[in-house]
Structure formats: C-alpha cells, structure tokens
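These are the residues of each chain, in order.
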Amino acid sequence: LVVPLGEDESTPSTSSPVQKPVLQVAAQDAPLVVPKPGNTVTCKISRVQQNSASCRVLCVGTQALSQEFKGTIRQQDVRATEIDKVVMYDCFRPGDVVRAEVVSLGDARSYYLSTAKNELGVVWAKSISGYPMVPASWTTMTCPETLAVEKRKVAKVLETDKRKPDGPPAAQTQDSCKAAKLGS
C-alpha cells in the first residue's frame, strides 16, 4: 500500500489536492545468482600481491551479477605445474579481465578461484600504454599499437570466443556482462 505524504512529510495527506510523487520499490523477478564451487566466473583483477591476486567477480558463466562478490586467486591456484615458480605480477595485473573457476567459498571475505586449466586465465588486458592487448602465447600478450610484450597467464581462446577488436572475447561478454561491468 502506497500512501502519498502531506506537506510535513510525516503524516498522510487528507485535504491536499496536489499529490506528491510516490516512490515504489518492487522485487526483481530474476533469482539471485551466487558463485558456487565448480562454476566458471569472469572477474576483474583489483590488486596483485606476492602470493595472491584479489578480484571482483562480475559474472557467473554468462550471467551478470547484481551483487558484488570478491575473489582471491592464490599462487598455488594459478597453474597446475611449477607452482613454486609462479610470479603473480607476471600472471595478472590490476584491470585484467580473467576467466576462472570457483574452487571454494574461501574465507569470510572472498571466494577462492583457480586458473589452473588451459581455458582459464587472462582473457582481456590493457597494455602499459593503455591499448587492449592480444594473446601472443600461453604466457604473453602483445600490444598491437606499440608491439610491447607483457607477461600474463593467458586463457586458451576457445572456438566460441570470437575476438572483438576493442574488447574481451564474445563468449564472456554477452549482453548481460558487457561494457558497464568492464569499465568500472
């Protein structure tokens, strides 16, 4: 029940001929999507430390999230082999968009994520110069403008991923997970 408020904004108006605008709040019909262990997620790296990288989970599969979740990629979860040789800053940089798998619920602050499969890793990154980069190998990406090569843990580009000229692969950025999430 929505009742217009009177001039003092605390009691309903009974004699005022002019009704003030009324704000209604309605619940969304879509169910809340929450990352679960085994889900593939798209996230944006926010901080890289010596033993881990922190990120914001943007999508579960191709479904955009309405609520922000935090994730952590630990050093031991970056790749399946040579775990002790992983240098986090050579794998991820702040601003990189990463495809990862949810390992567990982690601690109270974030989900634990893994990029230890070939199809998981950085799917989109900007170079130091600010240009979108393209994958050159499993461990490097190249800036097409400056030809600079930067190290990353690159995701294997799947057949369904068709590279757009100025953005991440299409399979990860369908309508629900596009520019608004990547730009923030």
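What counts and what doesn't
Residues numbered from 1 in each chain as written. Predicted model: local features only at pLDDT ≥ 70, side-chain atom pairs only at ≥ 80, totals over all residues. Heavy atoms only, no water. Pairing = 2+ DSSP bridges. Helix = DSSP H or I, 4+ residues; strand = E, 2+ residues; numbered from the N terminus. Buried < 20%, exposed > 50% of the residue type's maximum accessible area, 1.4 Å probe, protein only. Polar contact = N/O pair within 3.5 Å; in protein donor to acceptor, adjacent residues only side chain to side chain. Contact = heavy atoms within 4.5 Å. pLDDT = per-residue confidence, 0-100.

Colleague: Looking at this structure, how should I read the sheet that holds strand β8 (residues 140–142)?
Modeller: Note: strands within a sheet are paired through backbone hydrogen bonds, in either parallel or antiparallel orientation. The strand order across the open sheet built from three strands is β7-β8-β9, with neighbouring strands paired in antiparallel fashion. Pairing within the sheet leaves two strands with one partner each, and these edge strands are β7 (134–135) and β9 (149–151). Bridge analysis of β8 against β9 gives three bridges, and the strand direction is antiparallel. Among the inter-strand pairings, T140 is bridged to a residue of β9, identified as K151.

Colleague: Mind showing me how you'd approach the side chain of S114 here?
Modeller: The residue S114 is located in strand β5 (residues 111–114) in this model. On the basis of relative accessibility, which here comes to 12%, the residue S114 falls in the buried class. In this structure the side chain of S114 is engaged in a polar contact, spanning 3.1 Å, whose partner is the backbone nitrogen of A116. S114 has contacts with D77, A100, E101, V103 and L120, leaving out every residue within four places of it along the chain.

Colleague: Is there a simple way to explain the confidence of the model for the protein in this structure?
Modeller: In low-pLDDT regions, the fine details of the predicted coordinates are not to be read closely. Of the residues in the protein, 71% reach a pLDDT of 70 or more, and the chain-wide mean stands at 80. Within the protein, helix α2 (residues 179–183) has the poorest average pLDDT of any element, 43, and strand β1 (residues 40–48) the best, 96. Here residues 162–176 is modelled with pLDDT under 50, and outside its nearest four sequence neighbours on either side it reaches 33 contacts, counting other chains as well. Per-residue pLDDT stays below 50 along residues 178–182; that stretch engages in 11 contacts with residues further than four places along the chain or on separate chains.

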